[in-house]
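Structural overview
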Amino acid sequence: MDFSLYFCYAFCAMNTKIKMFFCACFLLALSACTKHLGYGVLLWNLDDKNLSDGEIVKVYIKSNISGTYVVEKIDSDEKFEIPLWQITEPTSKKKAEDTSKRYGDFTNVYARVLLDGLPMRAESQNVSKQVYRLRENEVIRVLRQGQGEKPRTGNKEIEGEWLYVLAKDGTEGWCFSHSLKLFKMKADEKAWTDESKNNITETKEDTVLQGILEAKWYPESFQEMIDKKIIDPALMKATYGFDSGAKSGTIRLQDSNTDVSFAYSGVEKVAKNRYKFTDAPIEVTVRSDSAISVSYTDESGKPKMYKMVTLKENIDELLASEVSRRQKLYRQIVAAGPDFTSTNYGVLTFSADGRFTWKKFNKLIPSLLDKGTKGAGTVGVKYFVGEKLAREYDGVLTFSFENMNREVNFLYKLENGGIRLEDTNKSHMNGNIVEERSTNPLVLYFAK
């Protein structure tokens, strides 16, 4: 058999790792007799080779398939692979030396990211396209400082400088230094040495700000509901509140009337215990360790303020418990009936699935029901009974008739094998609580 053909068969039979090893050996052997491509400047420390950023290496082979260069230390015969992003494009030795000098002011300068979601931009402008979002505590390489319009909060410029940086996946771009902590790190050093560079402002840890960013904030009304043991699923939702975006880089403010979100590039302390989110119409004032106020200016320029708190309780568990309580009350009504009859007000039937039918209710028109109302719909426990009425009534039943635009509410009491309903049309209600009976209520008694 022809040797070349035999070699092809043998190569195809190799597994992938062996093929890669064979190719690497072949390329390295080839490089011994191949003219080098030029010189490159190391952009990131190479610890295992004891090479620091800024040093120049000789480049022999470029492989787009593996994403690597084969390089050699100056004054050394040792060749090794390095990721493409970790050095500059090969050029003449003179140009490589010039590049090294251009980055010289920031030799061994790295930065730790203090804000999750901090954007890296294509240009040194706060409105420039985002090319990457940095993670909190991610380490990046600082290449140089540039000029650009500084971000502002109101009429005040945010302290810091625009830096051209490199992420460890090879992404390059501009980042504002306000949310970065600079330090020096050489290839032979294991510890980080914190250092401010030139006129760049080093951002110190702000424990108050960290507390804002790390906590989940809920409307203050949630705590009031918990304290009163009156949980309203219509008003309490796990998504409501203020999310600082520490994980996503996007802040969100949501309640029953508001749902807005904004990407932001940093947070600035503008006054004692007051912080402004850059690029977003949001300010936060710290009231205590567990309470803040969120100020939001809407698109029309109208300012709004929301009081938020942290909670020890689990929202989902609270809601599940309240839903279970309401279902239990309703099942008691169904078990006591489910059919109830009144001489004056007809026949009322409750279904296990939360529906009702009501026959011969003509005497309730038009005092309680609209003309033409059909006797079917949904029913359930929706509102609460105040402390003064809690001994006299089991709760409040809310009827939603299929062809009526308004709901009809009754205080109710299971008694003597029947059910007593009392309309709340003119009762005193405090939010979702029936506090007092009306002065002249309509009372309906149904027997089983």
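Preceding block: the structure.
Heads up: these notes are all about the structure in this document. (Residues numbered from 1 in each chain as written. Predicted model: local features only at pLDDT ≥ 70, side-chain atom pairs only at ≥ 80, totals over all residues. Heavy atoms only, no water.)

This next bit is on the overall build of the protein. Helix and strand counts for the protein come out as six helices and 34 strands. Among the 448 residues that make up the protein, the fraction classed as buried is 44%. Partitioning the contacts of the protein with sequence separation of at least 6, the portion at a separation of at least 24 is 50%. On the protein, roughly 24,500 Å² of surface is accessible, and the fraction owed to carbon and sulfur atoms is 49%. (Helix = DSSP H or I, 4+ residues; strand = E, 2+ residues; numbered from the N terminus. Buried < 20%, exposed > 50% of the residue type's maximum accessible area, 1.4 Å probe, protein only. Contact = heavy atoms within 4.5 Å. Areas by Shrake-Rupley, 256 points an atom, 1.4 Å probe, with all protein chains shown as cover.)

Our next topic: the side chain of Ser-124. Inspection of the secondary structure puts Ser-124 in the loop between strand S6 (118–121) and strand S7 (130–134). Overall, the relative accessible area of 10% leaves Ser-124 in the buried class. Among the polar contacts made by the side chain of Ser-124, one reaches the main-chain carbonyl oxygen of Gln-147 at a distance of 2.7 Å. (Polar contact = N/O pair within 3.5 Å; in protein donor to acceptor, adjacent residues only side chain to side chain.)

Moving on to the pattern of salt bridges. With the rule as written, the count across this model stands at 21 salt bridges. Between Asp-98 and Lys-94 there is a salt bridge, with the nearest N and O atoms lying 3.1 Å from each other. Taken as a pair, Asp-98 and Lys-94 lie in helix H3 (residues 93–102) at a separation of four residues, close to a single helical turn. Residue Lys-304 pairs with Asp-298 through a salt bridge whose shortest N-O separation is 3.9 Å. Salt bridges sharing partners connect three or more residues here, namely Asp-232, Glu-322, Arg-325 and Arg-326. (Salt bridge = Lys/Arg side-chain N within 4 Å of Asp/Glu carboxyl O.)

In this section: the nonpolar core. Residues Leu-180, Phe-242, Leu-253, Phe-277, Ile-282 and Val-294 are the most contacted members of the largest nonpolar core, which totals 38 residues. By size, the runner-up hydrophobic cluster in this structure holds 27 residues, among which are Phe-361, Leu-364, Leu-369 and Val-408. (Core = buried A, V, L, I, M, F, W, Y, C linked by side-chain atoms within 4.5 Å.)

Pairing in this open sheet of three strands is antiparallel, and the strands run S16-S17-S18 from one edge to the other. One side of each edge strand has no neighbouring strand; the edge strands of this open sheet are strand S16 (241–243) and strand S18 (259–263). Shown here is a sheet whose adjacent strand axes are inclined to one another by a mean of 5°, direction ignored. The pairing of strand S17 (residues 250–254) with S18 spans five bridges and is antiparallel. From the neighbouring strand, Ile-251 faces S18, where its bridge partner is Phe-262. (Pairing = 2+ DSSP bridges. Axes fitted to C-alpha atoms, helices over the stretch in contact; angles between N-to-C directions.)

The subject of this paragraph is the side chain of Thr-278. Of note, Thr-278 is situated in the loop between strand S20 (274–277) and strand S21 (282–288). Sequence-distant contacts of Thr-278, defined by excluding residues within four places in its chain, comprise Asn-126, Pro-151, Ile-158, Ala-263, Tyr-264, Ser-265, Gly-266 and Val-267.

Strand order in this open sheet of six strands is S15-S23-S22-S21-S20-S19, and the pairing throughout is antiparallel. Among the strands making up the open sheet, the edge pair consists of strand S15 (218–219) and strand S19 (267–271). As defined by bridge partners, S21 adjoins strand S22 (residues 291–297) across six bridges and the pair is classed as antiparallel. Considered in S22, the bridge of Thr-285 is made with Ser-293. Set on the sheet, helix H4 (residues 207–214) makes contact with S19, S20 and S21; between it and S20 the angle comes to about 55°.

Take unusual backbone geometry next. A cis amide bond links Gly-337 to the next residue, Pro-338, at an omega of 0°. Looking at where Pro-338 falls in the secondary structure, it is placed in the loop between helix H6 (315–336) and strand S24 (339–342). Looking along the chain, the bond that leaves Ile-365 and enters Pro-366 is cis, with omega of 5°. Topologically, Pro-366 is positioned in the loop between strand S26 (355–359) and strand S27 (376–381). The phi torsion at Asp-75 lies on the positive side, around 60°, for a residue other than glycine.

Within H3, the full set of buried residues consists of Ala-96, Thr-99 and Ser-100. Relative to the axis of H3, the buried residues are bounded by an arc of 100° and lie together on one face. For H3, the exposed residues lying more than 90 degrees away from the buried face are Lys-94, Lys-95 and Lys-101. (Arc of directions from axis to C-beta.)

Looking at the secondary structure, you find Met-429 in strand S32 (residues 428–430). Taking the C-alpha atoms as reference, Met-429 lies 9.7 Å from Tyr-383; in sequence the two are 46 residues apart. With residues up to four places along the chain from it excluded, the contact list for Met-429 reads Tyr-383, Val-434 and Glu-435.

Let us look at the pairing of strand S25 (residues 346–350). A regular strand places its side chains on the two faces of the sheet in alternate fashion. In terms of burial, S25 is largely enclosed, as four of its five residues are buried. Pairing of S24 with S25, which is carried by four bridges, proceeds in the antiparallel orientation. In the strand pairing of S25, Phe-340 is matched with Leu-348. Taking the residues between adjacent antiparallel strands as the criterion, S24 and S25 are bridged by three residues. Taken together, the four bridges between S25 and S26 define a ladder with antiparallel strand orientation. Opposite Phe-350, over in S26, you have Phe-356 as the bridge partner.

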